[in-house]
Amino acid sequence: MSHRLRTWTYYGVLWLVSLLFFSPVAWIILSSFKTRNDILATPPKLVFTPTLDNYIDLFTRNTSFLLQLGNSILLSVSAVVIAVFVSFLAAFCFSRFKPKGTDFLMFLLLSIRMLPGPAVILPVFLMYVAFGWKDNHLALILFYAMFSIPFSVWILKGFLDGVSTRFDETGRVNGGSWFHVIFKVVLPQVKPGLIAAFIFNLIFVWNEFLFNFIIGGVTTQNIPYALAVGAYSDGGLNWTFISALTSIYIVPPVLFIYFFQKYLLVGMTFGTVRGEV
Amino acid sequence: MVKIVIDKVTKRFGPFTAIDAMDAVFDDGAVTCLLGPSGCGKTTLMRMIVGLEQPTVGRIFFGDRDMSGLPPRKRNVGMVFQYPVMYQTLSVEENIALPLTQDRSLSAQERDKRIDEVLDILDMRDKRKLFIGDLDAGSRQKVAVGRAVARRSDIVLFDEPTTNVEVQAKLLLIRAFKLVTQRLKQTIVYVTHDQTEAMTLADCVALMRDGRIIQYDRPADLYATPATEFAGWFLGNPGMNFMPARKTAAGIETPLTAAPVAADAEVSGNGTLTAGIRPEHVRLGATAAPGAVPGVLKDLSVTIAGRFIANVRIEGDTIVKVKTDEAIAARPGDTVYLAADPAGLSFYSDGNRVAAAVRQSQ
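Residues numbered from 1 in each chain as written. Chains lettered and ligands numbered in written order. Predicted model: local features only at pLDDT ≥ 70, side-chain atom pairs only at ≥ 80, totals over all residues.

Labelled according to an unreviewed UniProt entry, chain B appears under the name ABC transporter ATP-binding protein, originating from Kumtagia ephedrae. Recorded in UniProt for chain B, the comment headed Sequence similarities (unreviewed entry) runs: "Belongs to the ABC transporter superfamily." (UniProt positions renumbered as here; feature names shortened; annotations may be inferred.)

As annotated in an unreviewed UniProt entry, chain A carries the name Carbohydrate ABC transporter permease and comes from Kumtagia ephedrae. Within the UniProt record for chain A, the comment given under Sequence similarities (unreviewed entry) is "Belongs to the binding-protein-dependent transport system permease family." Heading Subcellular location (unreviewed entry) of the UniProt record for chain A holds this comment: "Cell membrane".

A. View of the overall build of chain B. Along the backbone of chain B there are eight helices and 20 strands. Dimensions of chain B along its principal axes, counting C-alpha atoms only, are 75 × 45 × 35 Å. Out of the 362 residues belonging to chain B, those deemed buried represent 41%. (Helix = DSSP H or I, 4+ residues; strand = E, 2+ residues; numbered from the N terminus. Buried ≥ 20, exposed ≤ 12 C-beta atoms within 10 Å, placed from the backbone.)

B. Layout of the sheet that holds strand S18 (residues 335-340) of chain B. All names here are of chain B. Here five strands make up an open sheet; going across it, the order is S14-S18-S15-S16-S17 and the pairing antiparallel. Looking at strand neighbours, the two that pair on one side only are strand S14 (282-285) and strand S17 (318-324), the edges of this open sheet. Looking at each pair of strands side by side, their axes are set apart by 40° on average, direction ignored. Relative to S17, strand S16 (residues 308-314) runs antiparallel, the two being bridged by seven bridges. Note on S17: the bridge partner recorded for Val312 is Val320. (Pairing = 2+ DSSP bridges. Axes fitted to C-alpha atoms, helices over the stretch in contact; angles between N-to-C directions.)

C. Main features of the nonpolar core. Residues and elements named next belong to chain B. Among the nonpolar cores identified, the biggest contains 67 residues, and Cys33, Ile49 and Leu157 are the most heavily contacted of them. When residues of this core are assigned to their parent elements, the largest contribution, six residues, is made by helix H4 (residues 137-150). Each of domain 1 (4-224) and domain 2 (231-361) gives at least three residues to this core. (Core = buried A, V, L, I, M, F, W, Y, C linked by C-beta atoms within 7 Å. Domains from an automatic or database assignment.)

D. Just the sheet that holds strand S3 (residues 31-35) of chain B, in detail. All names here are of chain B. Taking strand neighbours across the sheet as the criterion, the six strands line up as S6-S7-S8-S3-S9-S10 in an open arrangement whose pairing is mixed. Each end of this open sheet is capped by a strand with a single partner; those strands are strand S6 (77-80) and strand S10 (212-217). Across the sheet, the mean angle from the axis of one strand to that of its neighbour is 20°, orientation sign disregarded. Sheet analysis places strand S9 (residues 204-209) next to S10, joined by five bridges and oriented antiparallel.

E. Region of the structure containing the environment of A:Trp206. All names here are of chain A. Tracing the backbone through its elements, the reader meets Trp206 in helix H10 (residues 191-206). Its 21 C-beta neighbours within 10 Å are what place Trp206 among the buried residues. For Trp206, the residues in contact, after removing those within four places along its chain, are Ser72, Ser76 and Pro253. (Contact = placed C-beta atoms within 7 Å.)

F. Region of the structure containing the interface of chain B and chain A. Listed as interface residues are twelve residues of chain B and, on the opposing side, ten residues of chain A. Taken together, the residues of the side of chain B that touches chain A sort by class into nine nonpolar, one polar and two charged. (Nonpolar A, V, L, I, M, F, W, Y, C, P; charged D, E, K, R; others polar.)

G. Expanded view of the confidence of the model for chain A. Residues and elements named next belong to chain A. Residues with a pLDDT of 70 or more make up 95% of chain A, whose mean pLDDT is 87. The weakest mean pLDDT in chain A belongs to helix H14 (residues 251-268) at 81; the strongest belongs to helix H4 (residues 65-96) at 94. Between residues 273-277, whose pLDDT stays under 50, and residues either more than four places distant or in other chains, the model counts ten contacts. (pLDDT = per-residue confidence, 0-100.)

H. Structural view of H4(A). For H4(A), spanning 32 residues, the distance from its first C-alpha to its last is 46 Å, which sits close to the expected 46 Å at 1.5 Å a residue. Note on H4(A): the residue one or two positions beyond its end, A:Lys98, has a positive phi of about 40°. (Expected span 1.5 Å × (residues − 1).)

I. Representation of the packing of H4(A) against H10(A) in the model. Residues and elements named next belong to chain A. The interhelical angle for the contact between H4 and H10, taken along N-to-C directions, is 140°, at an axis separation of 9 Å. Taken together, the axis directions place H4 and H10 in an arrangement best described as oblique. Handedness of the crossing formed by H4 with H10: right-handed. Facing Ser72, Leu75, Ser76, Ala79, Val80, Ala83, Val84, Ser87 and Phe88 of H4, the residues of H10 in contact are Leu194, Ala197, Phe198, Asn201, Leu202, Val205 and Trp206. The class makeup of the residues in the contact of H4 with H10 is twelve nonpolar, four polar and no charged. (Parallel < 35°, antiparallel > 145°, perpendicular 65-115°, else oblique. Left-handed = near helix turned anticlockwise from the far one by under 90°.)

J. Representation of the UniProt feature "transmembrane region" (unreviewed entry) in chain A. All names here are of chain A. Cross-referencing UniProt, the feature "transmembrane region" (unreviewed entry) maps to residues 12-30, 73-94, 106-131, 137-156, 194-219 and 239-260 in the present numbering. In residues 106-131, helix accounts for 81% and strand for 0%; the two terminal C-alpha atoms are 29 Å from one another. A distance of 30 Å separates the end C-alpha atoms of residues 194-219, which is 73% helix and 0% strand.

K. Layout of the pairing of S9(B). Pairing between S3(B) and S9(B): four bridges, direction parallel. Among the inter-strand pairings, B:Leu35 is bridged to a residue of S9(B), identified as B:Leu207.

L. Expanded view of the packing of helix H12 (residues 223-230) of chain A against helix H13 (residues 239-249) of chain A. Residues and elements named next belong to chain A. Viewed as axis vectors pointing N to C, H12 and H13 meet at an angle of 170°, and their least axial separation amounts to 10 Å. Between H12 and H13, the interaxial angle falls into the category roughly antiparallel. Contact with H12, carried on its side by Ile223, Ala226, Leu227 and Gly230, involves Phe241, Ile242, Leu245, Thr246 and Tyr249 of H13 and no other residues of that element. Partitioning the contact of H12 with H13 into residue classes produces seven nonpolar, two polar and no charged.

M. Up close: the environment of A:Lys157. Residues and elements named next belong to chain A. The residue Lys157 is located in helix H7 (residues 137-161) in this model. Counting along the chain gives 78 residues from Lys157 to Gly235, while the straight-line C-alpha distance between them is 51 Å. If sequence neighbours within four positions are ignored, Lys157 has contacts with Ala91, Phe94, Ser95 and Met106.

N. Structural context of the domain arrangement of chain B. Residues and elements named next belong to chain B. Looking at chain B, the domain boundaries give domain 1 (4-224) and domain 2 (231-361). A straight line from the C-alpha centre of domain 1 to that of domain 2 covers 38 Å. Between domain 1 and domain 2, the contact holds seven residues from the first and four residues from the second. For the side of domain 1 that touches domain 2, the secondary structure elements donating two or more residues are S10 and helix H7 (219-224). Classifying every residue of the side of domain 1 that touches domain 2 gives five nonpolar, two polar and no charged.

O. Unusual backbone geometry, seen in detail. Going from A:Thr42 to A:Pro43, the amide bond is cis rather than trans, its omega being -10°. Structurally, A:Pro43 is set in the loop between helix H2 (36-40) and helix H3 (53-61). A cis amide bond links B:Asn237 with the next residue in sequence, B:Pro238, at an omega value of -5°. Positionally, B:Pro238 belongs in the loop between helix H8 (229-234) and strand S11 (241-248). You will see that A:Lys98, though not glycine, has its phi angle at about 40°, which is positive. Position of A:Lys98 relative to the elements: it lies in the loop between H4 and helix H5 (102-111).

P. Summary view of the UniProt feature "domain: ABC transporter" (unreviewed entry) in chain B. Following the UniProt record, one finds the feature "domain: ABC transporter" (unreviewed entry) at residues 4-235 of chain B. The span residues 4-235 of chain B is 36% helical and 26% strand by assignment, and the distance between its end C-alpha atoms comes to 25 Å.

Rendered as structure tokens:
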């Protein structure tokens, strides 16, 4: 009997903590179906008449919504694709040719992620203005790619180290070029690593606000930018706008993470549990 | 058809010298086995031939073409690795076909013909549609062999291909190798630390130790007249017996011979020698015989082919291993008698063979 009680308490606590973490998300999603008055009601209304007005409003009144959504997708996907491609090649070199001081170089590479963004925002801004790169998609993509590369190299090197050099050697001896070995022999074996690197960096770029706000501009505005700028646009905090936009905004990462969560786990452990996938 | 010429090749890994100023020629169309203990540099030599490593000093020629600096795919060498690496998602024939598809000058019919031929030799026709995951380690290695030879490259290298195969499959695999090597007159270099494999497959054996080839000979000659104590000890199961010998005016005295024996060559030096004799050249008897020396039987065990191996302690605390066909009526602790067959007795000085016993000495 006490054993059963323990099990129940155990799961009860787990559920409670999980729900507690989920509650802000739930609150936002529920709010997106509420009227403005229902959102601000005290005590909070759990039973209400759902409405789609907020979404209709978002698409009809906020004319730049599609631009912002498109920018978010374009910026994050292309930056991450570039980053993962470059990182894969870099990680391959580190893993296979082991240049002198590989460990130190890897450390230097990651040090860019130790730097807080606000510390470099001013020099980066001045540089982008001087080059005339402000409010330019390509420039912003390159910046995000640069920020995503170090972490991807780390993840991918872990995975590549797990692929035996026997594969390289067999491929090369059987008449394959390095190109063939890298892309046809080795790459398919580190797919989990590529996906993990892709998701991690996608989440980072998808949620990036500061640099988009400072070195981006009107044509490159993404959804975090829209949230920050649009929150006060209607006189007072515009909760209907925020909740509706946020609800749409979190759909792509949620889907991604739901379908690829096993890769996320192996990515966090740098490929050390590669065999579990 | 090309021979492989190793021209004063040295390979160092940091302070470690894996190959030490080696000169060798591996004949075209022949099977050369590189035989030696682990870490003697045989795999390194092979990796330099295929191009996965570059020599620190020296050059490697295929025929008269200098291979220095060429990547593996420009060398046209097939190689079978210790661990067969296969495309798991492809079938047996697709795996064999894969390197052939890289060669655009090859027509589809020619490709199929070669695959058929290789599958025939390897006796794998019925397995052609199977996937690699369905095969055991021995069959996978056969596929790897097929893939390496189907390209008809001039040279095929085998790097300890039977190490990870169980004993039964190993014998079948070696038989398959033998067939392949006889049918396709390619120049083959086969690395192994298993002397049985080397003896079975090789036209010539290069015995290696510490980055050098210490003897390069036909297998039978290598076994019968090892040039060094090391070769005598390494080949044979068990290896050669060694015991101290001394040169006197009457001949060479050994603990295994009742009377001094004559040597077939002049032995210089201070007279201190080592006598070597293979276990099958020592006769074991329960009763005294002319020319035999007494010893104490330590143990007697049965080995392959119903033969017996006895350990006998003789004068000077030397243990002599004896291989004999019939059991003798003696138990451990009993006194037995050993007689050396002079045909098998040879003498070494500083580890190198200097003379053999003259046959008519007894």
